[in-house]
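Structural characterization, general
Letter by letter, the chains look like this.
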Amino acid sequence: MKITDWYRNNRTQILAVAATLVFAVANAILLLKDFYYLSLIPLAGLVLLLFITRFETGLMCMALFTPFAINIALMPKMELSMPVEPMMILFTLMFFFRALASRGYDTRLLKHPVSLLMIASMVWMLITACTSKLPLVSLKYWLARLWFVVPFFFAAAQIFRNPKRIREFFWCYAIGLIAVVSIATAKTVGNFSDLQTLHRVMQPFYNDHTAYGCVIALFVPAAFYFIFSRNSKGWGRLLSLAIMSLLLVGLFFSYCRAAWISVLGAIGVYVLIRMGMKVKWMVMLFGLVVGVFFVYQSDVLYKLGKNHQDSSYDLAGQIKSISNISTDASNLERLNRWASALRMWKESPVIGCGPGTYQFLYASYQRSYQLSTISTNAGNLGNAHSEYIGPMTEQGVPGVALVIALFMTTFATGVRVYRTAGNRQVADMALAFTLSLLTYYIHGVFNNFLDTDKLSVPVWAFTAVIVALDVYNKPEAAEAQPTESPTGQITNQG
């Protein structure tokens, strides 16, 4: 056989070996020269190839890796959650390229009320970033939100047209989360009397016990659904039951009071939904509770002020400490952050101080009589501890109005799909993911985590689930189901 014929027959293998050798030599040189990050270029090429050839698989891989991601400072004043945030950036660019090249993105998704509110929120955030007190910080914050929302809401909503993909996404994140829960629970054994240690056992995967407890609470209702789903049979159902059990163990040992409250709140709303209460009456009931609090706030605050039970590893003590606003450091610091945020908001009630800037500006808005034992004069302990007060301070009244409208519309859509879906499986899935999201909406009163990949990934993906179930399970949806061509381009049929 001639050399030319042999080369022609083995050209692909030869090019693959040559490329491997080039990458290996290049990596060795870069490592010897201390250019560590440049050595990741070959890996980036591999990820890019995955997104080109297996777009949906790429989304599932990011979900699987997110619970294990760790923040790494790539350069001064710039941290990325590795390896998922670089993957999200690449995925976002690929999504825009595919959508513009094929013009095949399903416009029904873009016209959905939840999507319109999401777009409006992103546009307003960009506007307030331009008027920010720290424009560079706000622009970085907006870009991070963009690569959270685009893959896990806009791209995922179309991918989730197939319910099988919803299950795959859930299990990909759940598997990673269960691994972290198992590690954290193992580290908990032998440290039950040391509350500070218990608050750190989930590190380095989750920064603190509040984010850890929040994501576990988020997965509890959906995990409960998969136990009784018709698609869960035999070993699959036993596996679902085992995972649910581990989630409950992790939730308990997270010692996150807000997470406990959010799950109880979701159970209460579930009862109201099953009783047939309309969403508007639920909203009115919530408004009534808030109104009663403000009318009798002096008496309520007086009673709360007499509670001196601090956070404790003892369950009863931990529950009692929820209402302690006199000595509990965590509660006092949260009130300090809220008060500082409101003072900042009063200076710029319409456009706010700029997305992501609160943590850099709140120090001078603190008051000595409101400081707790964990407060710092430098004001370097993070955000406003509220998914509602934070946006109000940073993006003004329109910003928080869009957040509330987005959450309420998603919740109302989920309940409507549950009550109107002709397919029982679709109805139950919609209810489960709606209750999962509700745990975050309740938790959002006390903390905000949508600036992190750990919570943004499942929260926006679960929101996409609700939108997909609504759009693709209407009678007219069967007439124009979007499909994916063998080349990976998204198209519409019908």
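Please refer to the structure higher up on the page.
For the structure given in this document, a descriptive report is provided here. Computed from a predicted model, the values in this text were never measured in an experiment.

1. Some remarks on the overall build of the protein chain
Helices and strands together make up the secondary structure of the protein chain, namely 21 helices and four strands. Of all 494 residues assigned to the protein chain, the portion counted as buried reaches 47%. In the protein chain, the proportion of contacts linking residues at least 24 apart, taken out of those at least 6 apart, comes to 71%.

2. Re the side chain of Ser340
Along the chain, Ser340 falls in helix α17 (residues 329-347). Of note is the side chain of Ser340, whose polar atom sits 2.9 Å from the backbone oxygen of Asn336. Setting aside anything within four residues of it in sequence, one finds Ser340 in contact with Tyr358, Tyr362, Tyr365 and Gln366.

3. Description of the pattern of salt bridges
Under the definition given, this model contains eight salt bridges. One salt bridge in this structure joins Arg165 and Glu168, with 2.7 Å as the shortest N-O distance. Of this pair, Arg165 and Glu168 both sit in helix α9 (residues 163-188), three residues apart, which is roughly one turn of that helix. When salt bridges with common partners are traced through the structure, they connect Glu56, Arg161, Arg165 and Glu168 into a single cluster.

4. Some thoughts on the packing of helix α5 (residues 84-102) against helix α8 (residues 135-159)
Packing of α5 against α8 leaves a shortest axis separation of 9 Å and a crossing angle of 60°. Taken together, the axes of α5 and α8 lie oblique to each other. Pair α5 / α8 crosses with left-handed handedness. Listed contacts from α8 to Glu85, Met88, Ile89, Phe91, Thr92, Phe95 and Phe96 of α5 are Leu146, Trp147, Phe148, Val150, Pro151, Phe152, Phe154 and Ala155. Its residues assigned to classes, the contact of α5 with α8 comprises 13 nonpolar, one polar and one charged.

5. Some thoughts on α5
With 19 residues, α5 should reach 27 Å at 1.5 Å per residue; the first-to-last C-alpha distance of 26 Å fits that figure. Of the positions making up α5, those classed as buried are Val84, Glu85, Met87, Met88, Phe91, Thr92, Met94, Phe95 and Arg98. Within two residues after α5, Arg103 carries a phi angle of roughly 50°, on the positive side.

6. Points about unusual backbone geometry
The residue after Met82, namely Pro83, is reached through a cis peptide bond having omega 5°. Mapped onto the fold, Pro83 is located in the loop between β2 (78-82) and α5. Note the cis peptide between Gln203 and Pro204, where omega equals 5°. Mapped onto the secondary structure, Pro204 falls in the loop between α10 (195-198) and α11 (209-228).

7. Things to note about α17
When the terminal C-alpha atoms of α17 are compared, their 28 Å separation across 19 residues agrees well with the 27 Å that a helix rising 1.5 Å per residue should span. Among the residues making up α17, those that are buried are Asn331, Glu333, Arg334, Asn336, Arg337, Trp338, Ala339, Ser340, Ala341, Arg343 and Met344. Taken together, the buried residues of α17 touch α13 (257-274), α18 (358-361) and α19 (389-420).

8. Considering the nonpolar core
Of all hydrophobic cores here, the largest spans 121 residues; its most connected members are Phe160, Phe169, Phe219, Phe433 and Trp460. In this view, Phe219 contacts Phe170, Tyr173, Ala174, Leu177, Leu247, Pro458 and Phe462; residues no more than four positions away in its chain are not counted. Ranked by size, the runner-up nonpolar core spans nine residues in total, among them Trp338, Cys353, Tyr362 and Tyr365.

9. Observations regarding the packing of aromatic side chains
Counted under the stated rule, the structure contains 26 aromatic pairs. Judged by centre distance (5.6 Å) and plane angle (55°), the rings of Trp171 and Phe226 are tilted. Taken together, the residues span a long stretch of sequence, with Trp171 in helix α9 and Phe226 in helix α11 at a distance of 55 residues. Here Phe226 falls in the buried class, since its relative accessible area comes to 1%.

10. Quick notes on the state of the cysteines
All told, the structure shown has zero disulfides when counted by the stated rule. In this structure Cys214 is not part of a disulfide, and its nearest cysteine sulfur, from Cys256, lies 7.1 Å away. For Cys214, a relative accessible area of 2% translates into the label buried.

11. Examining the environment of Asn162
Here Asn162 shows up in the loop between α8 and α9. Using a relative accessible area of 35% as the deciding quantity, one classes Asn162 as partly exposed. Placed 310 residues apart in sequence, Asn162 and Tyr472 show a C-alpha to C-alpha distance of 8.7 Å.

12. A word on the side chain of Glu394
By the secondary structure assignment, Glu394 is in helix α19. The buried charged residue Glu394 lacks any salt bridge partner; its closest oppositely charged side chain belongs to Arg145, at an N-O distance of 7.4 Å. A polar atom in the side chain of Glu394 sits 3.1 Å from the backbone nitrogen of Tyr358.

Conventions used here
Residues numbered from 1 in each chain as written. Predicted model: local features only at pLDDT ≥ 70, side-chain atom pairs only at ≥ 80, totals over all residues. Heavy atoms only, no water. Helix = DSSP H or I, 4+ residues; strand = E, 2+ residues; numbered from the N terminus. Buried < 20%, exposed > 50% of the residue type's maximum accessible area, 1.4 Å probe, protein only. Contact = heavy atoms within 4.5 Å. Polar contact = N/O pair within 3.5 Å; in protein donor to acceptor, adjacent residues only side chain to side chain. Salt bridge = Lys/Arg side-chain N within 4 Å of Asp/Glu carboxyl O. Axes fitted to C-alpha atoms, helices over the stretch in contact; angles between N-to-C directions. Parallel < 35°, antiparallel > 145°, perpendicular 65-115°, else oblique. Left-handed = near helix turned anticlockwise from the far one by under 90°. Nonpolar A, V, L, I, M, F, W, Y, C, P; charged D, E, K, R; others polar. Expected span 1.5 Å × (residues − 1). Core = buried A, V, L, I, M, F, W, Y, C linked by side-chain atoms within 4.5 Å. Phe/Tyr/Trp six-rings, centres within 6.5 Å; stacked < 30°, edge-to-face > 60°. Disulfide = S-S within 2.5 Å. Lys, Arg positive; Asp, Glu negative; His and termini not counted.

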